[in-house]
Each structure stands twice: as C-alpha cells, then as structure tokens.
Amino acid sequence: MDIDFEQVNFTYQPGSPFEQRVLYNIDMTVKEGTYNALVGHTGSGKSTILQHLNALLKPTSGNVKIGERTITSETNNKNLKPIRKKLELFFSSLNHSCLKKR
Ligand SMILES: Nc1ncnc2c1ncn2[C@@H]1O[C@H](COP(=O)(O)OP(=O)(O)OP(=O)(O)O)[C@@H](O)[C@H]1O
Ligand SMILES: [Mg+2]
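Keep in mind it's a predicted model, so treat the numbers as computed, not measured.

Novice: I'm lost on the site of ligand 1 in this one. Help?
Specialist: Taken together, 13 residues lie around ligand 1, and Gln20, Thr42, Gly43, Lys46 and Thr48 are the ones closest in. Backbone polar atom of Gly45 to an oxygen atom of ligand 1: 3.0 Å apart, as the coordinates give it. Take Ser47: an N or O atom from its side chain is 2.9 Å from an oxygen atom of ligand 1. Within the complex, the protein chains bury 66% of what would otherwise be the 640 Å² of accessible surface of ligand 1. Those elements that place two or more of their residues in the shell around ligand 1 are strand S2 (20-30) and helix H1 (46-52).

If you want it as structure tokens, here you go:
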C-alpha cells in the first residue's frame with residue numbers, strides 16, 4: 001500500500017487567533033516496502049506530516065491517498081478505523097514516532 005500526498009496544506013486551529021499554517025503544498029509518495037527518513041529542523045512540521053499518514057490529521061486542503069482511500073478536509077471521521085488498523089503510529093516519546101504496517 002502506497003501513500004501519496006498531493007498538494008497537502010495544513011493549518012492548525014484555522015480561523016482562531018492561534019491559527020498557524022504548517023504544511024505548504026506537500027507532494028510526496030511513501031512506497032510500500034521502503035524505509036524513509038523525514039528530516040527537518042524543530043518545528044518544521046515532521047510530526048504534523050506523520051499524523052497525516054494514517055489520518056490522525058486531515059489536510060486543510062489537498063489530499064492524502066492511503067491505499068484505496070483518499071483523505072481530504074471533507075473526510076468523515078467515521079470509517080477511519082480500517083486505515084488505523086493497517087497503519088499504526090507509535091509515539092515512543094513526545095518527539096519521536098514511527099509507523100508500523102500490519
Ligand atoms: N496541536 C497544535 N496546535 C497548534 N500548533 C501546533 C500543534 N502541534 C504543532 N504545532 C505547531 O506546528 C509547527 C510544526 O510542529 P511539528 O510538531 O509538526 O514540528 P516537528 O518538525 O515535528 O518538530 P520537532 O522536531 O520539534 O518534533 C510548530 O510551529 C508547532 O508549534
Ligand atoms: Mg516532531
């Protein structure tokens with residue numbers, strides 16, 4: 001199962017005084033069976049990207065294709081369990097996480 005990001009933008013707390021745009025037009029593919037490293041300075045958005053890999057966060061605009069599913073800002077939170085069963089995020093500490101595929 002591949003994961004494709006297409007023009008993904010993400011803003012925390014949009015429309016509030018704490019609004020913060022974090023992801024800008026991200027295009028990337030995570031190919032099944034590959035090892036990938038996500039590198040960037042602190043606060044650059046690595047954890048935010050990771051949380052899009054199994055729809056813990058949904059893009060503010062753009063889409064994330066996870067296998068057969070396409071996640072957009074419109075995606076209902078119901079029926080996301082099958083994705084999370086296939087792709088689990090493990091947070092080993094506040095700032096370190098990894099993805100396990102079943
Ligand atoms: N829940 C949140 N609400 C509002 N802003 C947030 C939230 N989580 C993260 N941010 C902000 O989004 C930006 C990106 O944060 P993120 O945690 O994705 O970065 P990171 O690359 O994982 O950083 P680190 O290397 O410190 O783990 C930072 O400016 C952070 O302050
Ligand atoms: Mg982080």
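Novice: Where do I start with the pattern of salt bridges in this structure?
Specialist: Opposite charge on two side chains allows them to pair when their charged atoms are near. Counted by the stated rule, this structure contains two salt bridges. A salt bridge links Lys65 to Glu6; the nearest nitrogen and oxygen atoms lie 3.4 Å apart. Note that Lys65 is positioned in strand S3 (residues 61-66) and Glu6 in strand S1 (residues 3-12), a separation of 59 residues in sequence. With relative accessibility at 32%, the residue Lys65 sits in the partly exposed group. Judged by relative accessible area, which is 31%, Glu6 ranks as partly exposed.

Novice: What is the right way to look at the sheet that holds S3 in this model?
Specialist: Hydrogen bonds between backbone atoms are what pair the strands of a sheet, whose relative direction is either parallel or antiparallel. Taken together, four strands build an open sheet; the order of strands is S2-S1-S3-S4 and the sheet is antiparallel. Two strands close off the open sheet at either side, each with one partner strand: S2 and strand S4 (69-71). Ignoring which end each strand starts from, the neighbouring axes of this sheet average 25° apart. With three bridges joining them, S3 and S4 adopt antiparallel strand pairing. By the bridge assignment, Ile66 is partnered in S4 with Arg69.

Novice: Sorry if this is basic, but what is going on with unusual backbone geometry here?
Specialist: Outside of glycine, negative phi angles account for most residues, and trans bonds account for most peptide bonds. The backbone phi angle of Asn25 is positive, close to 50°, even though this residue is not glycine. A relative accessible area of 42% places Asn25 in the partly exposed class. Even without glycine at this site, Ala55 takes up a positive phi of about 65°. Its location among the elements puts Ala55 in the loop between H1 and S3. We classify Ala55 as buried; its relative accessible area is 2%.

About the thresholds
- Residues numbered from 1 in each chain as written.
- Chains lettered and ligands numbered in written order.
- Predicted model: local features only at pLDDT ≥ 70, side-chain atom pairs only at ≥ 80, totals over all residues.
- Heavy atoms only, no water.
- Near = heavy atom within 4 Å.
- Polar contact = N/O pair within 3.5 Å; in protein donor to acceptor, adjacent residues only side chain to side chain.
- Areas by Shrake-Rupley, 256 points an atom, 1.4 Å probe, with all protein chains shown as cover.
- Helix = DSSP H or I, 4+ residues; strand = E, 2+ residues; numbered from the N terminus.
- Salt bridge = Lys/Arg side-chain N within 4 Å of Asp/Glu carboxyl O.
- Buried < 20%, exposed > 50% of the residue type's maximum accessible area, 1.4 Å probe, protein only.
- Pairing = 2+ DSSP bridges.
- Axes fitted to C-alpha atoms, helices over the stretch in contact; angles between N-to-C directions.

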